[in-house]
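Summary of structural features
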Amino acid sequence: MSTSAARSNGSATGIPPAPPLVRAPSPEGEITRMLGWLSLGLGVPQTVAPGRVNRLIGVRDDGRSRLWQRVVGVRELAAAAGIFSQARPASWLWARVAGDIKDLALLAAAWRRQEQRAGRLAAATASVAGITAVDAFTAARMSRLPEGVTKDPSFRMKASTTVRRSPDELYSFWHDFTNLPRFMAHLESVETKPDGRSHWRATGPAGMKVEWDAEVVRDRPGELIAWRTLPGAEVVHTGIVGFVSAPGDRGTEVHVDIEYAPPAGRAGSIIGKLFGEEPEIQVRDDLRRFKQVMETGELVRSEGTPEGTLARRLAKQRPAQPIEGSTS
Amino acid sequence: MRATVWSGRNKVQVENVPDPRIVNSRDAIVKITSTAICGSDLHMYDGYMPTMKKGDVLGHEFMGEVVETGRDVDNLSVGDRVVVPFPIACGNCNACRNELYSVCENSNPNAALAEKLMGHSPCGIFGYTHMLGGYAGGQAEYARVPFADVGPIKIENDLPDEKVLFLSDIFPTGYMGAELCDIKPGDVIAVWGAGPVGQFAIASAKLLGAERVIAIDRFDYRLGMARDEAGADDVIDYEQADVLATLNEMTGGRGPDACIDAVGMEGHHSHVALHAYDRVKHATRTETDRPHALREAVMSCRPGGVISIIGAYGGMVDKFPIGAAMNKSLTFKMGQCHVQRYLRPLLDRIESGEIDPSFVITHRLDLDETPRGYEMFKNKEDNCEKVVLNP
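Note that the structure is predicted; figures quoted are calculated from it, not measured.

Summing up its helical and strand segments, chain A has 9 helices and 8 strands in all. Here chain A, with 328 residues, has 39% of them falling under the buried criterion. Once local pairs closer than 6 in sequence are excluded, the contacts in chain A between residues at least 24 apart make up 60%.

Okay, here's the thing in structure tokens:
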């Protein structure tokens with residue numbers, strides 16, 4: 001089979017890469033940045049003026065507690081640096097959680113000495129406990145993002161196949177977006193609107209519904225179509241499909257390049273479930289189905305895979321025996 | 001309908017399953033009149049082929065009568081008598097247009113599974129693992145035949161089933177094995193394996209003008225059939241004789257000009273230790289295939305000769321004598337048979353009386369007796385060579 005997928009950016013086809021992504025800031029991202037500022041805000045006075053901080057939170061101000069303030073302050077500064085410098089600072093958030101627990105232990109030790117101003121100490125303890133909760137919550141959210149997404153700013157899928165039809169024929173079929181659900185496994189429908197925009201409906205496993213609006217950003221008849229989602233889309237992505245004559249009467253090479261924004265929250269879990277561990281397989285499957293439709297006229301179905309090529313069917317094949325009541 | 005169902009290693013039974021229906025517009029439903037057990041069915045019976053599933057209907061050699069056609073099948077009509085080739089091929093893709101039907105690019109909906117093991121996927125095959133499509137097979141009363149407008153050949157004469165049934169697989173497979181040898185006048189061809197495919201490789205090598213054909217096996221009755229029916233000039237029992245030395249002696253020290261491996265992944269070796277080595281690796285799945293015949297063919301072949309592989313392999317082999325192959329300038333040709341390419345010319349040869357493929361049949365059973373057929377064929381009981389089943 002001539003279907004292939006790759007992550008490399010090199011292009012021998014002359015087809016440009018997917019248009020740049022316009023990313024919406026994720027809520028976790030904002031909280032994380034806030035926590036970074038908080039680290040900075042605590043770390044600086046703790047390192048520079050530990051005595052004042054001691055008095056502020058109601059801890060006895062002596063050499064030992066000043067030393068501890070400085071130690072904690074340096075740790076806060078390190079956390080801030082880590083959070084601001086990394087794209088996905090989940091590990092620094094977990095470091096913050098560990099630090100918070102240490103702080104609570106220090107405060108507990110201060111309580112036992114029973115010589116401080118109890119009101120201020122209680123306020124400080126409550127603050128640290130609250131921050132610990134926020135840190136732990138955010139760290140957990142950040143850590144829960146699907147495999148392969150945490151380190152990359154976005155994820156990208158490239159796949160290609162060769163189809164025994166002309167570039168014009170393939171372009172025309174693809175350009176009528178209402179045809180796409182015939183070979184894109186997760187698409188329910190695509191409606192095109194008079195202004196050139198389109199509305200897409202997809203269904204994931206377990207019947208999850210996702211919808212988005214998209215617009216065409218480049219369109220060269222017989223050569224390529226590029227699109228991107230409009231603001232408000234649950235699954236933010238851009239993509240391009242290009243059609244290039246294959247050498248020696250071999251038909252047309254079809255190259256697809258899709259880039260997804262870093263998923264977060266509901267969209268993240270949807271993408272994670274839609275694509276599983278190998279996002280390329282889904283795109284490759286869609287291209288395989290596209291090839292089947294364009295070359296043979298319809299999806300190829302077996303008893304083991306009655307829906308036609310489908311990644312999640314691979315692991316859960318039906319037995320290869322006729323299906324009760326199936327009919328044309 | 002009744003169908004032969006795989007339910008685990010060494011377990012097949014005839015069960016009632018739903019009747020097949022038209023699913024794709026290019027499908028036909030065939031009421032099966034004759035079907036057979038193939039040597040490659042034993043690889044699944046023995047549990048050596050990955051991606052089988054309990055409940056799979058087996059069988060890829062079958063023929064019968066068309067009882068229903070999809071709306072895009074215009075070359076067949078209800079009542080037509082057809083033989084169905086085992087590779088499912090669309091006829092539209094680049095591979096099919098080049099008559100490489102067994103590597104059709106569209107007929108395996110589970111191509112992603114095969115790509116894991118092979119890089120690219122071959123075609124889908126009836127009743128032959130989920131990696132190769134997950135299609136219900138033909139050891140049954142009925143079968144759905146996808147791409148019926150491309151594959152099946154109509155039998156428009158009154159030749160009995162037994163003479164044309166093997167067009168579905170083993171006759172074209174053996175024939176392609178001989179054709180790949182590129183036989184020239186004076187050529188000596190050695191054939192490992194005198195099972196049904198080996199018999200047709202031998203017979204085809206003679207049809208294609210080989211000077212001498214030498215058959216290699218360990219069962220007297222199979223070697224007898226090779227000599228008396230298929231037309232082998234010499235036979236070697238590899239448990240009685242050293243194959244390399246004997247072939248050298250038979251060829252004036254040159255070695256055979258071409259060697260056909262009609263054994264495949266479950267080969268045996270006369271040397272107990274060597275057989276045990278591969279048997280253990282095979283059984284523990286650290287090697288998927290036992291390539292005894294292939295190793296011996298590589299060692300025996302004359303420098304500059306051809307190795308033609310038509311015995312079925314599934315995955316990886318061990319201790320392959322690539323040094324011998326490379327330094328002796330051997331040419332390797334192989335493949336699952338592109339059956340569709342051979343249907344018409346081989347039917348012509350049958351019609352003209354050049355060959356009667358029914359000579360391999362030793363047992364005729366009712367479909368209900370299929371489990372016994374598998375056991376007999378596997379254990380070579382009662383001199384079993386080929387079992388034909390009648391639903």
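Secondary structure assignment for chain B yields 13 helices and 18 strands. In terms of C-alpha radius of gyration, chain B reaches 20 Å, essentially the compact-globule figure of 21 Å for 391 residues. Across the 391 residues of chain B, 58% fall into the buried class. Across chain B, every contact between residues at least 6 apart in sequence was considered, and the portion connecting residues at least 24 apart equals 72%.

Residues and elements named next belong to chain B. For chain B, the assigned domains are domain 1 (2-168 + 338-390) and domain 2 (171-334). With 22 residues of domain 1 in contact, the opposing surface of domain 2 contributes 21 residues. Residue classes in the side of domain 1 that touches domain 2 are distributed as 12 nonpolar, 5 polar and 5 charged.

In this model, helix α9 (residues 272-283) of chain B (12 residues) spans 16 Å end to end at C-alpha, consistent with the 16 Å of a helix rising 1.5 Å per residue. Backbone geometry just downstream of α9(B) places B:Arg285 in the positive-phi region, at approximately 60 degrees.

What follows deals with the nonpolar core. Grouped together as the largest cluster of nonpolar side chains are 131 residues, with contacts concentrated most on B:Ile189, B:Val191 and B:Ile260. Ignoring anything within four residues of it in the chain, the contact list for B:Ile189 reads B:Cys181, B:Ile183, B:Ala205, B:Ala210, B:Val213, B:Pro256, B:Asp257, B:Ala258 and B:Ile260. Counting 25 residues, the second-largest nonpolar core is a separate cluster that includes A:Tyr171, A:Val256, A:Ile258 and A:Ala261.

Moving on to the interface of chain A and chain B. Residue-level contacts link 35 residues of chain A with 41 residues of chain B. If you list the elements that add at least two residues to the side of chain A that touches chain B, you get α8 (279-296) and α9 (311-315) of chain A. Partitioning the side of chain A that touches chain B into residue classes produces 9 nonpolar, 15 polar and 11 charged.

Glancing now at helix α6 (residues 167-175) of chain A. All of the buried residues along α6(A) are A:Pro167, A:Leu170 and A:Tyr171. Take α6(A) and look down its axis: the buried residues cluster within an arc of 100 degrees, on one side only.

Even without glycine at this site, A:Asp249 takes up a positive phi of about 60 degrees. Following the sequence through the fold, A:Asp249 ends up in the loop between β7 (237-245) and β8 (252-260). Classification of A:Asp249 by C-beta neighbours within 10 Å gives exposed; the count is 9. One non-glycine residue, B:Phe147, adopts positive backbone phi at about 50 degrees. Its place among the elements puts B:Phe147 in the loop between β9 (142-145) and β10 (153-154). B:Phe147 sits in the buried class, given 31 other C-beta atoms within 10 Å.

To continue, consider the pairing of strand β16 (residues 331-334) of chain B. Residues and elements named next belong to chain B. Looking at chain direction, strand β15 (residues 306-309) and β16 are connected through 4 bridges and run parallel. Paired with isoleucine 307 across the bridge in β16 is phenylalanine 332. Remark: the β15/helix α11 (residues 322-327)/β16 crossover connection has right-handed handedness.

What follows deals with the confidence of the model for chain B. Confidence along chain B averages 95 in pLDDT terms, with 99% of residues attaining 70 or more. Reported confidences for the modelled complex are a pTM of 0.79 and an ipTM of 0.92.

Here the focus is the packing of helix α5 (residues 170-179) of chain B against helix α6 (residues 196-207) of chain B. All names here are of chain B. Put simply, α5 and α6 touch, their axes get as near as 7 Å, and they point 50 degrees apart. Considering their axes alone, α5 and α6 lie oblique with respect to each other. Viewed along their axes, α5 and α6 form a crossing whose handedness is right-handed. When α5 is examined against α6, the residues Ile170, Phe171, Thr173, Gly174, Tyr175, Gly177 and Ala178 are found in contact with a partner set consisting of Pro196, Val197, Gln199, Phe200, Ala201, Ala203, Ser204 and Ala205.

Reading the values: rules and limits
Residues numbered from 1 in each chain as written. Chains lettered and ligands numbered in written order. Predicted model: local features only at pLDDT ≥ 70, side-chain atom pairs only at ≥ 80, totals over all residues. Helix = DSSP H or I, 4+ residues; strand = E, 2+ residues; numbered from the N terminus. Buried ≥ 20, exposed ≤ 12 C-beta atoms within 10 Å, placed from the backbone. Contact = placed C-beta atoms within 7 Å. Rg over C-alpha atoms; globule rule 2.2 N^0.38 Å. Domains from an automatic or database assignment. Nonpolar A, V, L, I, M, F, W, Y, C, P; charged D, E, K, R; others polar. Expected span 1.5 Å × (residues − 1). Core = buried A, V, L, I, M, F, W, Y, C linked by C-beta atoms within 7 Å. Arc of directions from axis to C-beta. Pairing = 2+ DSSP bridges. Right-handed = clockwise from strand over helix to strand, strands pointing away. pLDDT = per-residue confidence, 0-100. Axes fitted to C-alpha atoms, helices over the stretch in contact; angles between N-to-C directions. Parallel < 35°, antiparallel > 145°, perpendicular 65-115°, else oblique. Left-handed = near helix turned anticlockwise from the far one by under 90°.

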